[in-house]
Amino acid sequence: MSTTTLAPMPVTSPLPSALEGRTVLIVGGSSGIGLAAGALLTSVGARVALLARDPARLAAAVDRLRTTPGASVTGVAGDGTAEDVLEQALDQAAPVDHVLVTAGALSTGALLDTPRDQVREAVEGRIWGAYATARAAARRLPAGGSITFSSGHYLTRPIPGASAAIASIGAIEGLTRALAVELAPRRLRVNAIRFGVVDTPWPVARWAWPTTRPWPRPGRARRWDVSPRRRRRPRRRCSSWPTTS
């Protein structure tokens, strides 16, 4: 077992202004949450590097982010689950301070109708992609750097027909906790964001939700029923605890 010498404790501001001049690699940054994160990061002065499979969508995403005045944005086309590709992206964008992973498919299918081979690529890609990202990034990030993975609320509110996918995001959260402990001596933070359903092209295409259907305004939740559910009666509140004599 290798031992790690404690890195110096970095002193940084928790405010968004601390990201100014920092470099963030977004794995899966050509659309959806990754692209939105890239836009937010460029708005506070961070340098952004995008890694995505589709060269055309990647080029469009880079061009879109570069419309922000003073934005520094680069793109690397490649498989975000391959460790050598991740190493290349990190070295090309060096020095990288933070890594955000938003890539990952959500494979669906009823358990009895879906053989393992049908969901293997999506499940293994999410788990081993996160593992490969951590391996490549941990060797290169400075003290005070961070790795952020993506999880989802289906882990705590599962839906039918997505058991393999939900198991894979559960694995991501387990990996996050383990790496947070293992990489702490290097002063690297490891976190996972448990996203809800977000208005991106993916859920609209997957569940055929109408694009004209109104979505909640930021900060306001709305329940989306993707399967029939029994309506629960609201619990009655007691004004006081029952007493006995």
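Residues numbered from 1 in each chain as written. Predicted model: local features only at pLDDT ≥ 70, side-chain atom pairs only at ≥ 80, totals over all residues. Heavy atoms only, no water.

1. Comments concerning the confidence of the model for the chain
Detail in the predicted coordinates should be disregarded across regions flagged by low pLDDT.
So, step 1. Taken as a whole, the chain shows an average pLDDT of 83; of its residues, 78% reach a score of 70 or greater.
So, step 2. Taken as a whole, residues 218-231 scores under 50 in pLDDT and shows 16 contacts with residues more than four places along the chain or in a different chain.
So, step 3. Segment residues 237-245 is flagged for pLDDT under 50; beyond a separation of four residues in sequence, or across chains, it makes zero contacts in the model. (pLDDT = per-residue confidence, 0-100. Contact = heavy atoms within 4.5 Å.)

2. Notes on the sheet that holds strand E6 (residues 189-195)
So, step 1. If you trace the six strands from one edge of the open sheet to the other, you get E3-E2-E1-E4-E5-E6, paired in parallel fashion. Looking along the sheet, the strands with just one partner apiece sit at the ends: strand E3 (73-77) and E6. Sheet twist, expressed as the average angle between the axes of neighbouring strands with direction ignored, equals 20 degrees.
So, step 2. Judged from the five bridges that link them, strand E1 (residues 23-27) and strand E2 (residues 47-52) form a sheet pairing that is parallel. Bridging from a neighbouring strand, Val-24 pairs with Val-48 of E2.
So, step 3. Lying on the sheet, helix H2 (residues 55-65) is in contact with E2 and E3; it crosses E3 at an angle near 175 degrees.
So, step 4. In this fold helix H5 (residues 163-182) packs onto strand E5 (146-152) and E6, with an angle of close to 155 degrees to the strand it touches most, E5. (Pairing = 2+ DSSP bridges. Helix = DSSP H or I, 4+ residues; strand = E, 2+ residues; numbered from the N terminus. Axes fitted to C-alpha atoms, helices over the stretch in contact; angles between N-to-C directions.)

3. Description of the side chain of Ser-168
So, step 1. Residue placement: Ser-168 occurs in helix H5.
So, step 2. You can call Ser-168 buried: its relative accessible area is 2%. (Buried < 20%, exposed > 50% of the residue type's maximum accessible area, 1.4 Å probe, protein only.)

4. Points about the nonpolar core
So, step 1. Ranked by size, the top nonpolar core spans 28 residues in total, and within it Leu-25, Leu-51, Val-99 and Phe-149 carry the most contacts.
So, step 2. Elements with a minimum of two residues in this core: E1, E2, helix H3 (83-92), strand E4 (98-101), helix H4 (116-138), E5 and H5.
So, step 3. It is H4 that provides the largest number of residues to this core, a total of six residues.
So, step 4. The contact partners of Leu-25, leaving out residues within four places of it in the chain, are Ala-49, Leu-51, Ala-89, Leu-90, Val-96, His-98, Val-99 and Leu-100.
So, step 5. Counting 15 residues, the second largest nonpolar core, distinct from the first, contains Leu-35, Leu-41, Val-48 and Leu-50. (Core = buried A, V, L, I, M, F, W, Y, C linked by side-chain atoms within 4.5 Å.)

5. Side note on unusual backbone geometry
Negative phi is the rule for most residues except glycine; trans is the rule for most peptide bonds.
So, step 1. Note the cis peptide between Ala-94 and Pro-95, where omega equals -5 degrees.
So, step 2. Mapped onto the elements of the fold, Pro-95 is located in the loop between H3 and E4.
So, step 3. Positive phi outside glycine occurs at Arg-187, with the angle close to 65 degrees.
So, step 4. Counting through the fold element by element, Arg-187 comes out in the loop between H5 and E6.

6. Thoughts on the environment of Ala-136
So, step 1. Relative to the helices and strands, Ala-136 resides in helix H4.
So, step 2. Linking Ala-136 and Leu-90, residues 46 residues apart in sequence, is a C-alpha distance of 7.9 Å.
So, step 3. Dropping the residues within four chain positions of it, Ala-136 is found in contact with Glu-83, Leu-86, Glu-87 and Leu-90.

7. Details of the pairing of E5
So, step 1. Where burial is concerned, most of E5 is hidden: seven out of the seven residues are buried.
So, step 2. Residues Ser-146, Thr-148, Ser-150 and Gly-152 line one face of E5 and the alternating positions Ile-147, Phe-149 and Ser-151 line the opposite face, and both faces are buried.
So, step 3. Examined bridge by bridge, E4 and E5 share three bridges and lie parallel to one another. By the bridge assignment for E5, Leu-100 is matched with Thr-148.
So, step 4. What joins E4 to E5 is H4, and the crossover it makes is right-handed.
So, step 5. Relative to E6, E5 runs parallel, the two being bridged by seven bridges. Opposite Gly-152, over in E6, you have Phe-195 as the bridge partner. (Right-handed = clockwise from strand over helix to strand, strands pointing away.)

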